[in-house]
Amino acid sequence: MGERLEALVRIPIAIITYIIVEIWEFFTFIGAVLHWFLVIITGRRSKSLAKFSNIFASYQYKVYKYAFFATNIRPFPFNDFPKELEPLDFKKKK
């Protein structure tokens, strides 16, 4: 596929994936606020909420990387669902 055609194909893909990112970002923000209160009340972090946010950040990175021509690998839903780019860090501070 030529560069011009690829650029035209990226427009609808970017629109669709940006919509997914924005919807997911709303729920991730709600989860982050809940997570802050959870940590304040219980003094512990939730692995499931942290993992949800981590996967969102990985997906958002892949969408932007594709939209900004840094890669030709199309993001979800046009390719596999993303895995976490970095593992969660639950180590205690010294």
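Residues numbered from 1 in each chain as written. Predicted model: local features only at pLDDT ≥ 70, side-chain atom pairs only at ≥ 80, totals over all residues. Heavy atoms only, no water.

Asker: Could you give an account of the overall build of the chain, naming the residues involved and the relevant values?
Answerer: Looking only at helices and strands, the chain has two helices and zero strands in total. Relative to the globule expectation of 12 Å for 94 residues, the C-alpha radius of gyration of the chain, 16 Å, shows a markedly less compact shape. For the chain, the spread of C-alpha atoms along the three principal axes comes to 55 × 25 × 20 Å. Within the chain, contacts between residues separated by at least 24 positions form 72% of all contacts whose residues are at least 6 apart in sequence. (Helix = DSSP H or I, 4+ residues; strand = E, 2+ residues; numbered from the N terminus. Rg over C-alpha atoms; globule rule 2.2 N^0.38 Å. Contact = heavy atoms within 4.5 Å.)

Asker: Break down the nonpolar core for me, with residues and values.
Answerer: V21, W24, I55, F56, Y59 and V63 form the largest nonpolar core, which has six residues in total. Elements supplying a minimum of two residues to this core: α1 (3-42) and α2 (47-67). Other than its neighbours up to four places away in sequence, Y59 contacts T17, I20, V21, W24, P75, F76, P77 and P82. (Core = buried A, V, L, I, M, F, W, Y, C linked by side-chain atoms within 4.5 Å. Buried < 20%, exposed > 50% of the residue type's maximum accessible area, 1.4 Å probe, protein only.)

Asker: Give me the packing of aromatic side chains: which residues, what numbers.
Answerer: With the rule as written, the count across this model stands at six aromatic pairs. Plain terms: the ring middles of W24 and F56 are 5.6 Å apart, the flat faces sit at 65° to each other, and that makes the pair edge-to-face. Taken together, the residues W24 in helix α1 and F56 in helix α2 connect sequence positions 32 residues apart. F56 matches W24 in its accessibility class, with the two residues each being buried. Against the face of Y66 rests R10, its NZ or CZ located 4.2 Å from the ring centre. (Phe/Tyr/Trp six-rings, centres within 6.5 Å; stacked < 30°, edge-to-face > 60°. Lys NZ or Arg CZ within 6 Å of the ring centre and 35° of its normal.)

Asker: Could you give an account of the pattern of salt bridges, with specific residues and numbers?
Answerer: It is possible for side chains bearing opposite charge to pair when their charged atoms get close. As enumerated under the stated definition, the model contains two salt bridges in all. Between E6 and R10 there is a salt bridge whose closest N-O contact spans 3.3 Å. Taken together, the residues span about one helical turn, with E6 and R10 both in helix α1 at a distance of four residues. Of the charged contacts, one joins E6 and R74 as a salt bridge, the two residues approaching to 3.9 Å between their closest N and O atoms. You can see E6 sitting in helix α1 and its partner R74 sitting in the segment after α2, a full 68 residues away along the chain. A relative accessible area of 10% places E6 in the buried class. Salt bridges here are not isolated pairs; linked through shared partners, they connect E6, R10 and R74. (Salt bridge = Lys/Arg side-chain N within 4 Å of Asp/Glu carboxyl O.)

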